[in-house]
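This is what each chain is made of:
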Amino acid sequence: MDPEPVSTRSRLEVISRIMDKILSYIMAILLVAMSGVVFGNVFSRYFLNTTWGWYEEGSRFLLIWIVFLGAVVALIRGDHLSIDLLSIVFSPKVCRAMAILTDLLLLVALAIMCKGAWDMAVDSLASGWVASSIPIPYGWVYMIGPVAAVLMLVQTLIKTAGDIRAMKGVKP
């Protein structure tokens, strides 16, 4: 007896859950690293009478990556701010149509973000601009922009597919 095939919707939900879990672990690791760098510098400054010249840039770079990855996780979990007043006023069918329109506008915005962030990161890599205290090219720091945009594009496509399926199932 063959097992029942997994529906496309559940596969997309599994992809979202996997993305959420992996990104949450990556953010936790980056947060621990950032906290360790800051705590290590405080310890070094007050107990060893020396300071790390690179700690500020290192912790700033880690924070930039944490923030962008956190935006992706917030999108996956639906934790970004939204205005729910319209869902009270309009019918469920109209609300689903507005959700799809919002998803499409978000896809356009994310495509623009991806292109702009990619251009900025590649331009920074090509210019050879390197951080002053850590030998890390700024292009690698800026590369989180297109990475986050692509991850959010994937998640928005998953959400759009779910919204389209939900619209088909909503009665007028």
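Residues numbered from 1 in each chain as written. Predicted model: local features only at pLDDT ≥ 70, side-chain atom pairs only at ≥ 80, totals over all residues. Heavy atoms only, no water.

Here we take up the nonpolar core. Counting 16 residues, the largest nonpolar core has Leu23, Leu30, Leu69, Val72, Ile76 and Met152 as the members making the most contacts within it. Listing elements by their share of this core, those giving two or more residues are α1 (8–47), α2 (55–77) and α6 (144–169). With seven residues, the top contributor of residues to this core is α2. (Core = buried A, V, L, I, M, F, W, Y, C linked by side-chain atoms within 4.5 Å. Buried < 20%, exposed > 50% of the residue type's maximum accessible area, 1.4 Å probe, protein only. Helix = DSSP H or I, 4+ residues; strand = E, 2+ residues; numbered from the N terminus.)

A few words on the packing of aromatic side chains. Tallied over the full model, the rule gives six aromatic pairs. Ring geometry for phenylalanine 61 against tyrosine 138: centres 5.5 Å apart, planes inclined by 80 degrees, an arrangement best described as edge-to-face. With phenylalanine 61 in helix α2 and tyrosine 138 in helix α5 (residues 138–142), this residue pair connects regions lying 77 residues apart in the sequence. For the pair phenylalanine 61 and tyrosine 138, one class covers both residues: buried. Relative to tyrosine 142, the ring of tyrosine 138 has its centre 5.9 Å away and its plane inclined at 40 degrees; by these criteria the two rings are tilted. Placement of the pair is tyrosine 138 and tyrosine 142 together in helix α5, with a separation of four residues, close to one helical turn. (Phe/Tyr/Trp six-rings, centres within 6.5 Å; stacked < 30°, edge-to-face > 60°.)

What follows deals with the environment of serine 10. In this fold, serine 10 is placed in helix α1. Each C-alpha atom, one on serine 10 and one on aspartate 123, is 40 Å from the other, the two residues being 113 residues apart in sequence.

Looking now at the packing of helix α4 (residues 92–127) against α6. If you want to describe how two helices pack, look at the angle between their axes and the distance between the axes. Relative to each other, α4 and α6 sit at 165 degrees, their axes nearing to 9 Å. Classified by the interaxial angle, the pair formed by α4 and α6 is roughly antiparallel. Considering how the two elements wind past one another, α4 and α6 form a crossing that is left-handed. Residues belonging to the contact of α4 with α6 are distributed by class as follows: 20 nonpolar, three polar and five charged. (Axes fitted to C-alpha atoms, helices over the stretch in contact; angles between N-to-C directions. Parallel < 35°, antiparallel > 145°, perpendicular 65-115°, else oblique. Left-handed = near helix turned anticlockwise from the far one by under 90°. Nonpolar A, V, L, I, M, F, W, Y, C, P; charged D, E, K, R; others polar.)

Attention shifts here to α4. End to end, α4 covers 51 Å across 36 residues, agreeing with the expected 52 Å (1.5 Å per residue, within 8%). Here α4 has its buried residues at Cys95, Ala99, Ile100, Asp103, Leu107, Leu110, Cys114, Ala117, Ala121 and Ser124. Positive phi shows up at glycine 128, right after α4, with a value of about 80 degrees. (Expected span 1.5 Å × (residues − 1).)

Mapped onto the elements, threonine 156 comes out in helix α6. Take threonine 156: its relative accessible area is 2%, and that puts it in the buried class. Ignoring any residue separated from it by four or fewer positions in sequence, one finds threonine 156 in contact with Leu75, Asp103, Leu106, Leu107 and Leu110. (Contact = heavy atoms within 4.5 Å.)

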